[in-house]
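# Fold and geometry: a report
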Amino acid sequence: MLPGTREFESASRILRKLRDEGYDAFLAGGCVRDLLLGRVPEDYDVATSATPDVVLAMFPRTFAVGAHFGVVLVADEGEDGHHAPTEVATFRSDGIYSDGRHPDEVLYTTRAEEDVHRRDFTINGLLLDPLAVKGSNLRSAVLDYVGGLADLDAGVIRAIGRADRRFEEDQLRLLRAVRFAARFGFAIEESTHTAMRRLASRIHAVSRERVRDELTKMLTEGHARHAFELLDETNLLAQVLPEVARMKGVEQPPQFHPEGDVWVHTLLILEQLEAGCPLTLAWGALLHDVGKPATFRRAERIRFDGHVEVGMVIGAEICRRFRLSNEETRQILALIQHHMRFADAPRMKASTLKRFFRLEKFEEHLALHRMDCLGASGNLDNWEFVRERYEAIPVEDVHPRPLITGRDLIAAGYVPGARFKEMLQAVEDAQLEGVIATAEEALELVRKQF
Ligand code: ATP
Ligand code: MG
């Protein structure tokens, strides 16, 4: 069945117009793959024999964003504009890649088949003529030059052409292969897998931002465990995240971690990351125990003293390396920093607990702790306790209006100085404990204690 979405209708309209003008045109790439899998494509890409200048002249509202490599954005011509424009790309056969990322020159071609051969994987190399679809039979309207339909049916990620050459051309494909295999639960075909393992160390030719974006997608599409197992299998993990690869074989005390070593524990957590989860939660989950390998020690039992602090240092280095924003970095480090505090929560004073709840995006801390428990003992008592308290305490009790300020202290005759902070802190403690509730009580407390 073809979707009736406006995006699809608009891509079809553009395609029909190109055909009417005598050009060849198809839906191409990810959208065809997704339609055949019964998924809703994010966007529709049109591939055509028309060159960018022709496309630019043919449609009234166009944006020549990537015209130099053959891509023109065409905005909807229909009555109800207002959705993402369709990407219209001229058929091309890429020239030599000397930098491992970009073809040195883009050669336009009028043959659709050549365009397919520059694409990465067979399942991404299918063309569809939506105007030729009969009834609900999509497959009859598919042009398949590379065996993509068979691989889609069998659940296989296979490079188009010689795998090693394709990964040598563009190393980003190493990560794309893992991402698609994880997302669709597909296997990586043997020669493709072999080439990936052999060329894993070339991944460093890809910018760190691109690597980060691929990893983030892997972590937040709901199949993070499978993705990280594949990264490990293909030796890519040791290249892009050696700090995580080091978790393998790092034993843990069985009484707290019956599941196994730090890597196994981390995989059990990645398995719980849901599709669409926040980036910071995903990276925090991946890195919460990243300090364990470096702090492993056998005492009366296996210990990881200081793993939180060491983990924050390593985590900061990883965030810096991948150019995560300051705000993202702060939250990821906070998730590492506080992940062990949940164990103490039942014994925390009310004021300490309330201050704990003041952490930014506390829900992410809660979510990580839940995964941490389920990925180890499976006992959720502690998580339940914290969650109940967190939900029971009203926001105004966690962030109450201060009973007094420095100005009140001055008015009461105190001379401004370093002690003000201590005084106000003591007042806030008592307020959070529920011991005092008025400005008079606050001043009396200061008079007594200071
Ligand atoms: P997603 O659902 O993640 O967007 P997609 O297959 O649509 O998956 P895009 O990055 O949007 O991926 O690219 C669209 C198409 O362009 C791909 O399906 C593929 O045919 C081709 N393509 C994209 N990146 C590459 C690449 N690095 N090498 C070769 N072909 C590529
Ligand atoms: Mg896409």
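Residues numbered from 1 in each chain as written. Chains lettered and ligands numbered in written order. Predicted model: local features only at pLDDT ≥ 70, side-chain atom pairs only at ≥ 80, totals over all residues. Heavy atoms only, no water.

Below, the discussion takes up the domain arrangement of the protein chain. The domains assigned to the protein chain are domain 1 (1-154), domain 2 (156-240), domain 3 (274-398) and domain 4 (406-449). Computed over C-alpha atoms only, the centres of domain 3 and domain 4 are separated by 32 Å. Across the contact, eight residues belong to domain 3 and five residues belong to domain 4. Summed over both partners, the interface of domain 3 with domain 4 buries about 560 Å², with 34% contributed by carbon and sulfur atoms. When the buried surface of domain 3 facing domain 4 is broken down by residue, Ser 351, Arg 355 and Arg 358 rank first, second and third, together holding 66% of it. The tally of links from domain 3 across to domain 4 stands at three salt bridges. Residue Glu 428 pairs with Arg 358 through a salt bridge whose shortest N-O separation is 3.2 Å. (Domains from an automatic or database assignment. Contact = heavy atoms within 4.5 Å. Buried area = accessible area lost by both parts, 1.4 Å probe. Salt bridge = Lys/Arg side-chain N within 4 Å of Asp/Glu carboxyl O.)

Right, let's get into a negative patch on the surface. Negative charge collects at one region of the surface, where Glu 7, Glu 42, Asp 43 and Glu 87 lie side by side. Looking at Glu 42, the relative accessible area reads 75%, which means it is exposed. (Patch = residues over 30% accessible without salt bridge, like charges linked within 9 Å, V, L, I, M, F, W, Y side chains within 5 Å. Areas by Shrake-Rupley, 256 points an atom, 1.4 Å probe, with all protein chains shown as cover. Lys, Arg positive; Asp, Glu negative; His and termini not counted. Charge placed at Lys NZ, Arg CZ, Asp CG, Glu CD. Buried < 20%, exposed > 50% of the residue type's maximum accessible area, 1.4 Å probe, protein only.)

Looking now at the pattern of salt bridges. It is possible for side chains bearing opposite charge to pair when their charged atoms get close. If you walk through the whole model with that rule in mind, you get 37 salt bridges. One salt bridge in this structure joins Arg 173 and Glu 169, with 2.8 Å as the shortest N-O distance. Summarising the burial analysis for this pair, Arg 173 and Glu 169 share the class buried. Glu 271 serves as the salt-bridge partner of Arg 225, at 2.7 Å between the closest nitrogen and oxygen. In this pair, Arg 225 is assigned in helix α10 (residues 224-233) and Glu 271 in the loop between α13 (262-270) and α14 (279-287), connecting sequence segments 46 residues apart. For Glu 271, a relative accessible area of 46% corresponds to the partly exposed category. (Helix = DSSP H or I, 4+ residues; strand = E, 2+ residues; numbered from the N terminus.)

Between α14 and helix α17 (residues 326-338), the shortest axis-to-axis distance is 8 Å and the interhelical angle comes to 40°. Comparing the axis directions of α14 and α17 gives the class oblique. The handedness of the crossing between α14 and α17 comes out as right-handed. Taken together, the residues of α17 that come into contact with α14 (itself represented by Leu 279, Thr 280, Leu 281, Trp 283, Gly 284 and Leu 287) are Glu 328, Gln 331, Ile 332, Leu 335 and Ile 336. (Axes fitted to C-alpha atoms, helices over the stretch in contact; angles between N-to-C directions. Parallel < 35°, antiparallel > 145°, perpendicular 65-115°, else oblique. Left-handed = near helix turned anticlockwise from the far one by under 90°.)

Our focus in this paragraph is the sheet that holds strand β2 (residues 45-48). Across the sheet, seven strands lie side by side as β3-β4-β5-β2-β1-β8-β9; this open sheet has mixed pairing. Either end of the sheet is taken by a strand with one partner, and the two such strands are β3 (62-66) and β9 (142-144). The mean inter-strand angle of the sheet, taken between neighbouring strand axes irrespective of direction, is 35°. Here strand β8 (residues 126-128) pairs with β9 via three bridges, running antiparallel. Note that in β9 the partner of Leu 127 across the bridge is Leu 143. Across the sheet, helix α1 (residues 6-20) lies against β1 (25-28), β2, β4 (71-74) and β5 (86-90), angled at about 150° from β1, the strand it touches most. (Pairing = 2+ DSSP bridges.)

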